[in-house]
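Structural features, examined
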Amino acid sequence: MKPMDQTPSPETDEKLFAAWRHAKPEQRRAAADRLFARYYERVGGWCFRLTGERESAADLAQDVFLKAHRHLDSFQGNSQFGTWLYSIARNEAINRSKRAALPMDDSEEALLDVATLEPDPEQLAARNSRARWLQTFLAQTLDEKERTVFTLHYGDELPLDAITRLLRLENSSGAKAYIVSAKRKLARAAQRILARGDRP
Amino acid sequence: MNDPRDAWREALAATPDCLALERLGEPLTAAEREHLDTCARCQSELALFQSFTSDEATPEETRAGAWVAAELHRRLDGAANVTAFEPRRRAPRFAWAAAAAAVFVIVAGLWMEKREPSLGDAGVTNVYRTGRLDAVAPLGDLAAAPRELRWNAVAGATAYTVEITEVDRTLLWHSETSATRIVLPPNVVAQCAPGKTLLWDVAARRGSDELASSGVQRFRVAVPVPGR
Ligand SMILES: [Zn+2]
């Protein structure tokens, strides 16, 4: 991925990272700033899609870069620099979502049946673990978009409006429509399993 | 476990087979690809990663990204010591905006009382990017609503983007020009009510590169004081 706010230039992440690594202590901060600044716009735009609001996007992006500054020496060059920075942004964003408790919705109670469904022991053994069994169940019950929206909302607790913007869902009710259909399909599948002893 | 969301959070967590985030930007092996085909966790991680790497953006997102980038330069660049620059843990947004407005009213009141220099002369520190962009007017307390925004030219700039926002950063108006001044439309002038603080900033651009930013400037049309 290319940093967003740059026209093609001879500076690369690799060169700037090497410059930071070899910089004198008093020049390290500026060297790191040069590297990070290439991503201010990309991270800022992504944070805006997540929060839907500039000021909170700037606060989130600020935390991302402060964390990245503190951990820059842990970047080993095993991945692209942009991917490393993304992993910090992603974790920071999801940690924030998890801190903001969502009010519980009645229709979610019904989901408990599905989340705690137990496959029969034979199937469980065949799939090695309950998590894998559940992944298979989701794969068989939901389409890919529903699974993704469902996982981001219930696994990562991202708000629906953030998911709508991040995934560029253009239908009128955005992520909510996918959650509604996912819940309906899961509830139906769970009933089938409970009623017939059927297993995916 | 009473909350089904706890159950789902656990159920949807990554397993030891799941791809490390660092792998998302790399060509995947056949085994990784096979896992990805059936794993909702990894599929959602990939979708989230692609939302980050995609260059597709609405005009609003492009403007917001540029605004946040300018804000990051202002907040972070040149800070002497990162560890001393801990993330701000903000009070809820509206409380913050209200507090900021209250502080402004008090501070502005004191300034006006003492007939000290205008707001624009104090309290706002600008951090510049590669060049310096000086906002000329309006700054601080004004006798009447401004009719235009003015700033000094930046060498190499082909365009200037300007924005006026409320103190809570709600966007009121934005525009672009190649000149170093821009006339405000009547509906914006009408929003410059006495006593209401507005913020503005201007950024110099060459193509998609931002050369310099003025940082956030404040102005306010003074409330007429009887007997003065
Ligand atoms: Zn996985």
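A quick note: this is a predicted structure, and the numbers were derived from the prediction, not measured.

A few points about the overall build of chain A
The helix and strand tally for chain A stands at 11 helices and 0 strands. Sequence-ordered secondary structure for chain A, helices as α and strands as β, is α-α-α-α-α-α-α-α-α-α-α. The burial tally for chain A puts 50% of its 200 residues in the buried class. Intrachain contacts of chain A at a sequence separation of at least 6 include 63% that bridge at least 24 residues. With the model as given, the accessible surface of chain A reaches about 9100 Å², and the carbon-plus-sulfur share is 51%.

A short note on the overall build of chain B
Of the regular secondary structure elements, chain B holds 6 helices and 9 strands. Going through the 228 residues of chain B one by one, you find that 42% of them count as buried. Sequence-distant contacts in chain B: of pairs separated by 6 or more residues, those separated by 24 or more amount to 57%. Of the accessible surface of chain B, which amounts to about 11500 Å², a share of 56% is contributed by carbon and sulfur atoms.

A word on the coordination of the zinc ion
All names here are of chain B. The protein atoms that coordinate the zinc ion are Cys-18 (SG), His-35 (NE2), Cys-39 (SG) and Cys-42 (SG), at distances spanning 2.0 to 2.3 Å. Coordination geometry of the zinc ion: the 4 donor atoms subtend angles of 100 to 117° at the metal centre, consistent with an arrangement described as tetrahedral. Each donor residue of the zinc ion lies on the same chain, and together they follow the pattern C-x16-H-x3-C-x2-C. Residue His-35 is classed as buried on the basis of its relative accessible area of 17%. Overall, the relative accessible area of 3% leaves Cys-39 in the buried class.

Remarks on the packing of helix H2 (residues 30-38) of chain B against helix H3 (residues 40-53) of chain B
The description of two helices packed together rests on the angle between their axes and the distance between the axes. Residues and elements named next belong to chain B. One way to put it is that H2 packs onto H3 with a least axis distance of 6 Å and a crossing angle of 100°. Here H2 lies roughly perpendicular to H3, going by the angle between them. Mapping the contact onto sequence places His-35, Leu-36, Asp-37 and Thr-38 in H2 and Ala-40, Cys-42, Gln-43 and Leu-46 in H3. Residues belonging to the contact of H2 with H3 are distributed by class as follows: 4 nonpolar, 3 polar and 1 charged.

With respect to the sheet that holds strand E6 (residues 181-183) of chain B
By way of backbone hydrogen bonds, the strands of a sheet pair with one another, either parallel or antiparallel. All names here are of chain B. What the 3 strands build is an open sheet, ordered E1-E3-E6; its pairing is antiparallel. In the strand order of this sheet, the two ends are held by strand E1 (135-137) and E6, each with one partner. Mean inter-strand twist for the sheet, computed between neighbouring axes without regard to direction, equals 20°. Relative to strand E3 (residues 148-151), E1 is paired through 2 bridges, and the arrangement is antiparallel. If you follow Ala-135 over to E3, its bridge partner there is Trp-151.

Section: the confidence of the model for chain A
Scored by pLDDT, chain A has a mean of 85; 78% of the residues are at 70 or more. When pLDDT is averaged over each helix and strand of chain A, the minimum, 59, is found for helix H7 (residues 121-127) of chain A and the maximum, 97, for helix H3 (residues 40-51) of chain A.

Description of the nonpolar core
Phe36(A) and Trp46(A) are the most contacted members of the largest nonpolar core, which totals 75 residues. Counting residues in each nonpolar core, the second largest holds 24 residues, with Leu133(B), Leu149(B), Ile182(B) and Val202(B) among its members.

Here's the deal with a negative patch on the surface
Together, Asp143(A), Glu144(A), Glu34(B) and Asp37(B) make up a negatively charged patch on the protein surface. With respect to the helices and strands, the residue Glu34(B) is situated in helix H2.

Details of unusual backbone geometry
In this structure, the amide linkage connecting Ala137(B) to the following residue, Pro138(B), adopts the cis form with an omega of 0°. Checked against the element boundaries, Pro138(B) lands in the loop between E1 and strand E2 (140-142). Unusually for a residue other than glycine, Glu157(A) sits at a positive phi of about 60°. Its location among the elements puts Glu157(A) in the loop between helix H9 (144-155) and helix H10 (160-166). Among the residues examined, Glu157(A) registers a relative accessible area of 10% and is labelled buried.

Focus on helix H1 (residues 13-22) of chain A
Residues and elements named next belong to chain A. Among all positions of H1, only Asp-13, Leu-16, Phe-17 and Trp-20 are buried. With its buried residues spanning 100° around the axis, H1 presents them on a single face. Opposite the buried face of H1, at more than 90 degrees from it, the exposed residues are Glu-14, Lys-15 and His-22.

Looking at the pairing of E3(B)
All names here are of chain B. Of the two faces of E3, only one is covered, namely that formed by Leu-149 and Trp-151; the face formed by Glu-148 and Arg-150 stays uncovered. Here 3 bridges tie E3 to E6, and the two strands are oriented antiparallel to one another. In the sheet register, Leu-149 faces E6, and the bridge partner there is Ile-182.

Considerations on the packing of aromatic side chains
Residues and elements named next belong to chain A. Tallying each qualifying case throughout the model produces 15 aromatic pairs over all chains. Relative to Phe-75, the ring of Phe-17 has its centre 5.0 Å away and its plane inclined at 85°; by these criteria the two rings are edge-to-face. One end of the pair, Phe-17, is in helix H1; the other, Phe-75, is in the loop between helix H4 (54-71) and helix H5 (81-99), with 58 residues separating them in the sequence. Grouping aromatic residues by their ring pairs yields a cluster made of Phe-17, Trp-20, Phe-36, Tyr-39, Tyr-40, Phe-65, Phe-75, Phe-81 and Trp-84.

About the criteria used
- Residues numbered from 1 in each chain as written.
- Chains lettered and ligands numbered in written order.
- Predicted model: local features only at pLDDT ≥ 70, side-chain atom pairs only at ≥ 80, totals over all residues.
- Heavy atoms only, no water.
- Helix = DSSP H or I, 4+ residues; strand = E, 2+ residues; numbered from the N terminus.
- Buried < 20%, exposed > 50% of the residue type's maximum accessible area, 1.4 Å probe, protein only.
- Contact = heavy atoms within 4.5 Å.
- Areas by Shrake-Rupley, 256 points an atom, 1.4 Å probe, with all protein chains shown as cover.
- Donors = N, O, S within 2.8 Å, 3.2 Å for Na, K, Ca; no water.
- Tetrahedral: all angles 85-135°; square planar, octahedral: opposite > 155°, others 65-115°.
- Axes fitted to C-alpha atoms, helices over the stretch in contact; angles between N-to-C directions.
- Parallel < 35°, antiparallel > 145°, perpendicular 65-115°, else oblique.
- Nonpolar A, V, L, I, M, F, W, Y, C, P; charged D, E, K, R; others polar.
- Pairing = 2+ DSSP bridges.
- pLDDT = per-residue confidence, 0-100.
- Core = buried A, V, L, I, M, F, W, Y, C linked by side-chain atoms within 4.5 Å.
- Patch = residues over 30% accessible without salt bridge, like charges linked within 9 Å, V, L, I, M, F, W, Y side chains within 5 Å.
- Salt bridge = Lys/Arg side-chain N within 4 Å of Asp/Glu carboxyl O.
- Lys, Arg positive; Asp, Glu negative; His and termini not counted.
- Charge placed at Lys NZ, Arg CZ, Asp CG, Glu CD.
- Arc of directions from axis to C-beta.
- Phe/Tyr/Trp six-rings, centres within 6.5 Å; stacked < 30°, edge-to-face > 60°.

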